[in-house]
Amino acid sequence: MNRQQFERMKSGKGFIAALDQSGGSTPKALKIYGINEDAYKNDDEMFELVHEMRKRIITNEAFTSQRILAAILFKITMNSKVGELYTADYLWEKKGIVPILKVDEGLDELKDGVQLMKPFKNLNSLLENAKQRHIFGTKMRSVIKELNEESIKKVVKQQFDYAKEISKQGFVPIIEPEVDIHSKDKEKIEEVLKKELITELEKLDKETYVMFKLTLPEKANLYHDLYNYENTLRVVALSGGYSRNEANEKLSKNKDVIASYSRALTEGLNVDQSEEEFTKTLDDSIDKNYKASIAG
């Protein structure tokens, strides 16, 4: 583990840029960026286009460590280059931004109100690859849609089981059990989720550090108790379908929680913008996300 990166993630000011759209979410991300599906013929061309989009963001003058702590990458982005450097090396060496890798293989079918992660088939080889690319941490996502205590318990246990494996390999995992913002029982789900997160946190040995990426809660500061445990390196928030303004309004009410946005980060960016327009739009987005992240 890189101790300089560890200290930056623990106490630095800023937020996490989520640039980890995978196969299922990439077409939508490209469309929002102004690139329709008729612009590419296959997955290779699609991923090449999305890497160019990410590269344009990462290399932009507005994208700096003054406001951004870390960036979450997809495997293909990790193994692609920005100039002469692999993406993670460019982020850290040129920008001072900590590289994190999305490691889950997507969501399983909806069952009993939740979507567990698909069983990991290639975790060890992916982590070996991540070591070669100088990745600091990982991220994996599940989804909770309904109030079902046993199912929520399963989601949290699966996340922690993989987190312990990942930690043993020298990474700091981000645990992301997203709560659907449209759930009619969202507040009750969040109370159960917090209880289960604390139950699993209490089982960790002192050498295992984790981060949490959580849906912005209905009750402000609900998850602040997670910081009572030394194992918790950071609590970050996903936008989860809220607009940037909605997400940041909620975020600013949650002490010591920082943003980790994807769509709410790239909102307004377009492939046809001039560099001046692109920079202005990106700078405005970064500034709003940063201010909301340090407001709590």
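Residues numbered from 1 in each chain as written. Predicted model: local features only at pLDDT ≥ 70, side-chain atom pairs only at ≥ 80, totals over all residues. Heavy atoms only, no water.

An unreviewed UniProt entry annotates the chain as fructose-bisphosphate aldolase originating from Peptoniphilus lacrimalis 315-B. Looking at the chain in UniProt, the text filed under Sequence similarities (unreviewed entry) is "Belongs to the class I fructose-bisphosphate aldolase family." Per UniProt, the chain carries the Pathway (unreviewed entry) text "Carbohydrate degradation; glycolysis; D-glyceraldehyde 3-phosphate and glycerone phosphate from D-glucose: step 4/4." (UniProt positions renumbered as here; feature names shortened; annotations may be inferred.)

(A) Spotlight on unusual backbone geometry. With a phi close to 65°, H134 is a non-glycine residue in the positive phi region. Within the fold, H134 resides in the loop between helix 6 (123-132) and strand 7 (137-144). At D256, a residue that is not glycine, the phi angle is positive and equals roughly 65°. Here D256 is to be found in the loop between helix 9 (244-251) and strand 11 (257-261). (Helix = DSSP H or I, 4+ residues; strand = E, 2+ residues; numbered from the N terminus.)

(B) Broad picture of the pairing of strand 5 (residues 98-102). Most of strand 5 is tucked away, with five of its five residues classed as buried. Inspection of the sheet shows strand 2 (residues 68-73) paired to strand 5 by four bridges, in the parallel sense. Bridge pairing in strand 5 places A70 opposite V98. (Buried < 20%, exposed > 50% of the residue type's maximum accessible area, 1.4 Å probe, protein only. Pairing = 2+ DSSP bridges.)

(C) Fine view of the pattern of salt bridges. A complete count under the given rule lists 24 salt bridges for this structure. For the salt bridge of E176 with K139, the shortest nitrogen-to-oxygen distance reads 3.0 Å. Of this pair, E176 sits in strand 8 (residues 172-179) while K139 sits in strand 7; the two residues are 37 residues apart in sequence, bridging distant segments of the chain. In this structure, E176 and K139 share a single accessibility class: buried. Here K186 makes a salt bridge to E190, at a shortest N to O gap of 2.6 Å. Remark: E190 and K186 occur in helix 8 (residues 186-201); sequence separation between them is four residues, near one turn of the helix. In this structure K186 comes out as buried when scored by relative accessible area, which is 3%. Via salt bridges that share partners, R67, D283, D287 and K291 belong to a single interconnected network. (Salt bridge = Lys/Arg side-chain N within 4 Å of Asp/Glu carboxyl O.)

(D) Region of interest: the packing of aromatic side chains. Under the defined criterion, the tally for this structure stands at four aromatic pairs. Here F6 and Y209 contribute two aromatic rings whose centre-to-centre distance is 5.0 Å and whose plane-to-plane angle is 75°, an arrangement assigned as edge-to-face. In this pair, F6 is assigned in helix 1 (residues 3-11) and Y209 in the loop between helix 8 and strand 9 (210-215), connecting sequence segments 203 residues apart. With a relative accessible area of 22%, Y209 lands in the partly exposed category. The ring of F278 has R56 sitting right over it, with the charged end atom 3.9 Å from the ring centre. Sitting over the face of the ring of Y86, R133 holds its NZ or CZ atom 3.7 Å from the ring centroid. (Phe/Tyr/Trp six-rings, centres within 6.5 Å; stacked < 30°, edge-to-face > 60°. Lys NZ or Arg CZ within 6 Å of the ring centre and 35° of its normal.)

(E) Structural context of helix 8. Compared with an ideal rise of 1.5 Å per residue, which puts 16 residues at 22 Å, helix 8 spans 22 Å between its outermost C-alpha atoms and is within 8% of the ideal. In this fold, the buried residues of helix 8 make contact with strand 7, helix 7 (149-168), strand 8, strand 9 and strand 10 (232-238). (Expected span 1.5 Å × (residues − 1). Contact = heavy atoms within 4.5 Å.)

(F) Structural view of the side chain of S239. Looking at the element boundaries, S239 is found in the loop between strand 10 and helix 9. In this structure, S239 is in contact with A247, Y261, R263 and A264, ignoring residues within four places of it in sequence.

(G) Fine view of the environment of K28. Its place among the elements puts K28 in helix 2 (residues 26-33). Taking the C-alpha atoms as reference points, K28 and A237, separated by 209 residues in sequence, lie 21 Å from one another.

(H) Region of the structure containing the packing of helix 2 against helix 3 (residues 43-58). The geometry of helix 2 relative to helix 3 is characterised by a closest axis approach of 10 Å and an angle of 55° between their N-to-C directions. By the criterion of interaxial angle, the relationship of helix 2 to helix 3 is oblique. For the pair helix 2 and helix 3, the sense of crossing is left-handed. Where helix 2 abuts helix 3, its residues T26, P27, A29, L30 and Y33 lie against M46, F47, L49, V50, M53 and R56. (Axes fitted to C-alpha atoms, helices over the stretch in contact; angles between N-to-C directions. Parallel < 35°, antiparallel > 145°, perpendicular 65-115°, else oblique. Left-handed = near helix turned anticlockwise from the far one by under 90°.)

(I) Region of interest: the pairing of strand 1 (residues 15-19). In terms of burial, strand 1 is a largely internal element, five of the five residues being buried. For strand 1 and strand 2, the ladder comprises five bridges, and the chain directions are parallel. Paired with A18 across the strands is I72, a residue of strand 2. Strand direction decides the pairing type here: strand 1 and strand 11, joined by two bridges, are parallel. Within strand 11, the residue paired with A17 across the bridge is Y261.

(J) Focus on the nonpolar core. Formed by 78 residues in total, the largest nonpolar core has its most connected members in F63, V103, L193, L197, F212 and L226. Leave out the neighbours within four places in its chain, and F212 touches F160, I174, I175, L197, L201, L226, T232, R234, V235 and V236. (Core = buried A, V, L, I, M, F, W, Y, C linked by side-chain atoms within 4.5 Å.)

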